[in-house]
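Below are the chains, spelled out letter by letter.
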Amino acid sequence: MGRIASERAYSPPPWKRAHPYHAQTAHESDADSDSDSDPDSGSDPGDSSAGSDNNDSRPEQADEDDPEPEPGSGSTSAGLPYPYPLLTTEDGIRIMRLLPAADDDDPICIELREVSLSSPPAYNAISYAWGLPVNKRGILCDSQTIMIPINLHRALRQLRHPLYPRDFWADAICIDQASSADKSSQVHRMSSIFAQAAQVTVWLGRDTQFSAQSIFPVMREMAQRDFHPDIIPIEVDPFWRHLARLFRRPWFRRLWCLQEIVLAAAAEVRWGEEAAAWYTVAETARWIRSCPAQLLPPGAMAGVNNAHVMFAVARDIRAGKLVSFLELLGLVWQFRSSDHRDVIYALLGLPTTDADVGKGEVFVRPDYASDYCDVYRECAMKVIRQTQSLRLLSHVQLNEDDMQEPRQNLPSWVPRLHNYTHPMLLPSESLSSFNAAAFLPSSQPRVEGRSLIVRGIRLSKVQECIEAWNDDDRPPPQLVEHCKSWLDDGSGKYADSGLTRDEMSSMILTAGKSWGGRLVDDVQQHARDMADHEHVRAASDDKTDDVDETVGEERGSGDGYRFYLAQRDACKGRALLLTQNGHVGLGPRLMQDGDILCLLSNCAMPMILRPLNDDDEAFEVVGEAYIYGIMFGEASVGYQDVDEELKEFALS
């Protein structure tokens, strides 16, 4: 939902000024039709493209039936399950000793022993994607069976030494997965486990196309030379297809992997038989993410963006630049976990402004005996108590199923943290931001039963709304014209704005933010970018094969792709809205005519609420809005000293 703004914009390769409306290049098509699917590294159940930065974001998934025989697995598929002894010390963890084997066909045998985190032996921690629950293989521990994900099984086979035992920690083995109590206690120690490991080994799975040996050396050289354009492979080089395969690996989507790599003192990435330093992979992702050009197909860009988040969060933590737990939840919106509770629990080991993990503090106490709805409510109430603000409401993204869900399950004001599908309109905490309710008297929200009681003012009702983003990952063809016509017909509200219709429209359709997530500081250039974008879109709609890039100079040298990125972040999952009193802006896609536009005390963004009864006593949160002309407190002026005029809203 949030974005980490790029600190610099690298120069893209001279051959690459791609726009998503242009025809795909050869390496993009190859990447999208990649047949090297691999269930051993498949995504966790529930992983999907829903939360990606681009629509086509499926991770590599393959041979679901896994027809190839697994060496050494047959002899361990039966037998008694391993009985995990209870840990005897307060800071105890289990370390796995991987026993040597000279032959790959030998069964994988391990020993488990308890050690104290205060004085552990040297060990490596393994970070990997679990894969599908049906794809499991057995290993032997004290002549008894532990069933583990096939992806981890293959990792152990790759990491096993022929002569010497090696010590590792892996969650599927070192935590009793059948015990909620063991999982709850060990999750609390995950940050220390990965921080104290001699090395974290990132296992990406098998590499049946030998991509790693093709790209790892090139990536190392590119990173060492700061991605100078002279050393970037040419457009048709197979490097790009293999690089797209890398960032499609499911590891880049698994939420637990964020904490595991962020806390690592040293880390290497292993893909098949090849290895590269994590720094090399992260720097490559940062370069791709920071180029204002599309270097990889959409399916790989979600992995790139997540790798960039991993890099940036680790960098900021080491520099002491912490964010709140709520902000962290927003930054990781494209990651996925199979257990909804892990959306919260997988982040508890990272230090934030409201939890010092070095002192043993956690934002919420993990409890796998609790339902995810209870976990979400507890987290939401703690956010409100600690911040005394309503920033939490910008995280609400309801879909059709949520609107039909009985409110006794989860109130509308509690974000469905597993359902993030697009970035927030509210900028990140570290950036300059909006404050639409700047001049409303401060009023502390309070929870009464299942309702959140807030105070604010009602501005208007939604009169009309049209969807702002299509399923083909483009805006509707007439969206800009709709916006301009509503600005003209807005009862003269914008007549004295000082900006042209094009400039106001460019701000509305990107929610006032640039492609990097910052507030727009050059409105005229932003409007030129929109003009270039509209030119490219129109040419694409007309089936024009070649877009004359020199026309960009006549349009003021606008950058249409840069505008596309900003508009996609703002419009995806949203609708263009016109209110009864002439306000124009963006709101949630599920908004309806008659919904209420409000400003709430201690809430930076305007909110769309839906009355639940004729008396307007209870309301449902539909979501945040961007309304041009009121984002810096203009509509709240005059309410500073009239607290009694604020209305009370019960959000259910």
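These numbers were taken from a predicted model, which means no experiment stands behind them. (Residues numbered from 1 in each chain as written. Predicted model: local features only at pLDDT ≥ 70, side-chain atom pairs only at ≥ 80, totals over all residues. Heavy atoms only, no water.)

(A) Quick look at the overall build of the protein. Broken down by element type, the protein carries 19 helices and 18 strands. Within the protein, counting contacts between residues at least 6 apart in sequence, those at least 24 apart form 76% of the total. By element, 47% of the accessible surface of the protein is carried by carbon and sulfur atoms, the whole surface being about 25,000 Å². (Helix = DSSP H or I, 4+ residues; strand = E, 2+ residues; numbered from the N terminus. Contact = heavy atoms within 4.5 Å. Areas by Shrake-Rupley, 256 points an atom, 1.4 Å probe, with all protein chains shown as cover.)

(B) Representation of the sheet that holds strand β5 (residues 144-149) in the model. As summarised here, the arrangement of the 9 strands in space is β5-β4-β2-β1-β6-β3-β7-β8-β9, forming an open sheet in which the pairing is mixed. This sheet does not close on itself; its edge strands, each paired only once, are β5 and β9 (274-277). The mean inter-strand angle of the sheet, taken between neighbouring strand axes irrespective of direction, is 40°. Relative to β9, strand β8 (residues 267-271) runs antiparallel, the two being bridged by 4 bridges. Counterpart to Glu268 in the pairing with β9 is Ala277. (Pairing = 2+ DSSP bridges. Axes fitted to C-alpha atoms, helices over the stretch in contact; angles between N-to-C directions.)

(C) Here's a closer look at the packing of helix α6 (residues 211-224) against helix α7 (residues 239-247). At a minimum axis separation of 9 Å, α6 and α7 run at an interaxial angle of 95°. By the angle between their directions, the pair α6 and α7 is classed as roughly perpendicular. On α7, the residues that touch Ser211, Ser214, Ile215, Phe216, Val218, Met219 and Met222 of α6 are Phe239, His242, Leu243, Arg245 and Leu246. Looking at the contact of α6 with α7, its residues break down into 8 nonpolar, 3 polar and 1 charged. (Parallel < 35°, antiparallel > 145°, perpendicular 65-115°, else oblique. Nonpolar A, V, L, I, M, F, W, Y, C, P; charged D, E, K, R; others polar.)

(D) Up close: the packing of helix α16 (residues 501-508) against helix α17 (residues 523-541). Viewed as axis vectors pointing N to C, α16 and α17 meet at an angle of 80°, and their least axial separation amounts to 8 Å. Judged on the interaxial angle alone, α17 and α16 are roughly perpendicular. From α16, Asp502, Glu503, Ser505, Ser506 and Met507 reach across to α17, where they touch Val523, Gln524, His526, Ala527 and Met530. Classifying every residue of the contact of α16 with α17 by side-chain character gives 4 nonpolar, 4 polar and 2 charged.

(E) Quick look at the pairing of strand β3 (residues 124-128). Of all 5 residues that make up β3, 5 are buried, and the element is covered over most of its length. Both β3 and strand β6 (residues 166-169) contribute to a ladder of 2 bridges, which runs parallel. Each bridged residue has a counterpart across the sheet, and for Ala125 the counterpart in β6 is Trp169. Inspection of the sheet shows β3 paired to strand β7 (residues 199-203) by 5 bridges, in the parallel sense. Each bridged residue has a counterpart across the sheet, and for Ile126 the counterpart in β7 is Thr201. (Buried < 20%, exposed > 50% of the residue type's maximum accessible area, 1.4 Å probe, protein only.)

(F) Main features of the nonpolar core. By size, the foremost hydrophobic cluster in this structure holds 135 residues, and its most contacted members are Leu246, Phe247 and Trp278. Counting residues per element, this core draws most heavily on helix α10 (residues 298-318), at 9 residues. Excluding anything up to four places from it in sequence, Phe247 contacts Phe252, Arg253, Val281, Thr284, Ala285, Ile288, Leu296, Ala300, Gly303, Val304 and Ala307. Grouped together as the second largest cluster of nonpolar side chains are 51 residues, Tyr494, Ala575, Leu586 and Leu646 included. (Core = buried A, V, L, I, M, F, W, Y, C linked by side-chain atoms within 4.5 Å.)

(G) Representation of a negative patch on the surface in the model. Where like charges cluster on the molecular surface, the negative patch consists of Asp103, Asp104, Asp105 and Asp106. For Asp106, the position within the fold is in the loop between β1 (92-98) and β2 (109-116). (Patch = residues over 30% accessible without salt bridge, like charges linked within 9 Å, V, L, I, M, F, W, Y side chains within 5 Å. Salt bridge = Lys/Arg side-chain N within 4 Å of Asp/Glu carboxyl O. Lys, Arg positive; Asp, Glu negative; His and termini not counted. Charge placed at Lys NZ, Arg CZ, Asp CG, Glu CD.)

(H) How the structure looks around the environment of Arg254. Mapping Arg254 onto the fold places it in the loop between α7 and α8 (255-262). With 126 residues separating them in the primary sequence, Arg254 and Tyr128 have C-alpha atoms 8.3 Å apart. Within the structure, Arg254 has its side chain in polar contact with the backbone oxygen of Tyr128 (distance 2.9 Å). (Polar contact = N/O pair within 3.5 Å; in protein donor to acceptor, adjacent residues only side chain to side chain.)

(I) Summary view of the packing of aromatic side chains. Following the criterion strictly, the structure yields 18 aromatic pairs and no others. Where Tyr345 meets Tyr368, the ring centres are 5.1 Å apart and the plane angle is 70°; that geometry is what we call edge-to-face. Within this pair, whereas Tyr345 is found in helix α12 (residues 342-345), its partner Tyr368 is found in the loop between α12 and α13 (372-387), the two being separated by 23 residues in sequence. Accessibility assignment for this pair places Tyr345 and Tyr368 in one class, buried. Look at Tyr372 and Tyr376: their rings are 5.2 Å apart centre to centre, the planes differ by 75°, and that puts the pair in the edge-to-face class. Taken together, the residues Tyr372 and Tyr376, both in helix α13 and 4 residues apart, mark about one turn of the helix. Note on Tyr372: relative accessible area 25%, which makes it partly exposed. What links up through ring pairs into an aromatic cluster is the set Phe227, Phe239, Trp240 and Trp287. (Phe/Tyr/Trp six-rings, centres within 6.5 Å; stacked < 30°, edge-to-face > 60°.)

(J) The arrangement of the side chain of Glu260 in detail. Structurally, the position occupied by Glu260 is in helix α8. Of the polar contacts made by the side chain of Glu260, one reaches the side chain of Ser127; its length is 2.6 Å. Setting aside residues up to four positions removed in sequence, Glu260 forms contacts with Ser127, Tyr128, Asp171, Met190, Phe194, Val200 and Arg254.

(K) Region of interest: helix α19 (residues 560-571). A rise of 1.5 Å per residue sets the reference length of α19, with its 12 residues, at 16 Å; its end C-alpha atoms lie 16 Å apart and thus fit the reference within 8%. For α19, every residue scored as buried is listed here: Gly560, Tyr561, Phe563, Tyr564, Leu565, Ala566, Gln567, Arg568, Asp569, Ala570 and Cys571. Just past α19, the residue Gly573 takes up positive phi, approximately 80°. (Expected span 1.5 Å × (residues − 1).)

Purely geometric numbers; function is a separate question.
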